[in-house]
Amino acid sequence: MPNRPHYILLPVSPLFIAFSLICAFMLNLMPWGRWIGAPDFVALVLVFWGIHQPRKVGIGIAFSMGLLMDVHDATLLGENALAYTLLSYLAIMIHRRVLWFPLVTQAMHVFPLLLMTQAIQVMVRFAVTGRFPGWLHFIESVIAVALWPAITWLLLAPQRRAVDKDHTRPI
């Protein structure tokens, strides 16, 4: 689809951003959150908003969400906070470039960020407990990247303008 139209999006509501982060946190609270292959929805939503709204969702929110996940997972305090902070920083760094690409290419840019987030979490756990969870643990980044187009469509839905038949408007 090289000639697909680019639509102008409405401004995002801060309440919708907060709602999406709360929903992602609640999805991580579900029992399947500890299964192998279950994606980290908080990381996925943080990287999405870091790319699409870097001035509204920054490193501070990522750190706060990381602390919440640390408390929920009963892990070393700061493990997820460190990983999410670096994830948010890198997402903000590449946000201008990533938005020019189609969704599949965007997902390929997001994949190393999510993989790095998991690697940091595994390294901290390994340093503390001395146990390595295995290479299959990293499959959740692959699944999260597979969800990238759906998450993008879902989180951009409130910003899309209604299809108007008024051809006299400039926008």
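Residues numbered from 1 in each chain as written. Predicted model: local features only at pLDDT ≥ 70, side-chain atom pairs only at ≥ 80, totals over all residues. Heavy atoms only, no water.

(A) The arrangement of the pattern of salt bridges in detail. One pass over the full model with this rule turns up 1 salt bridge. A salt bridge links glutamate 79 to arginine 125, with the shortest nitrogen-to-oxygen separation between them at 2.8 Å. Of the two residues, glutamate 79 sits in helix H4 (residues 79-98) while arginine 125 sits in helix H5 (residues 103-129), which places them 46 residues apart along the sequence. Accessibility expressed as a relative area gives 28% for arginine 125, which makes it partly exposed. (Salt bridge = Lys/Arg side-chain N within 4 Å of Asp/Glu carboxyl O. Helix = DSSP H or I, 4+ residues; strand = E, 2+ residues; numbered from the N terminus. Buried < 20%, exposed > 50% of the residue type's maximum accessible area, 1.4 Å probe, protein only.)

(B) The arrangement of helix H1 (residues 14-29) in detail. Its 16 residues place the ends of H1 23 Å apart at the C-alpha level, agreeing with the 22 Å of an ideal helix rising 1.5 Å per residue. Where H1 is buried, its residues meet helix H2 (41-52), helix H3 (59-73), H4 and helix H7 (148-156). Structurally, the start of H1 carries an N-cap: the backbone nitrogen of leucine 15 is 3.2 Å from a side-chain oxygen of serine 13. (Expected span 1.5 Å × (residues − 1). Contact = heavy atoms within 4.5 Å. Polar contact = N/O pair within 3.5 Å; in protein donor to acceptor, adjacent residues only side chain to side chain.)

(C) Spotlight on H2. Under the 1.5 Å per step criterion, the end-to-end length of H2 is 16 Å for 12 residues, consistent within 8% with the ideal 16 Å. In terms of burial, H2 is a largely internal element, 12 of the 12 residues being buried.

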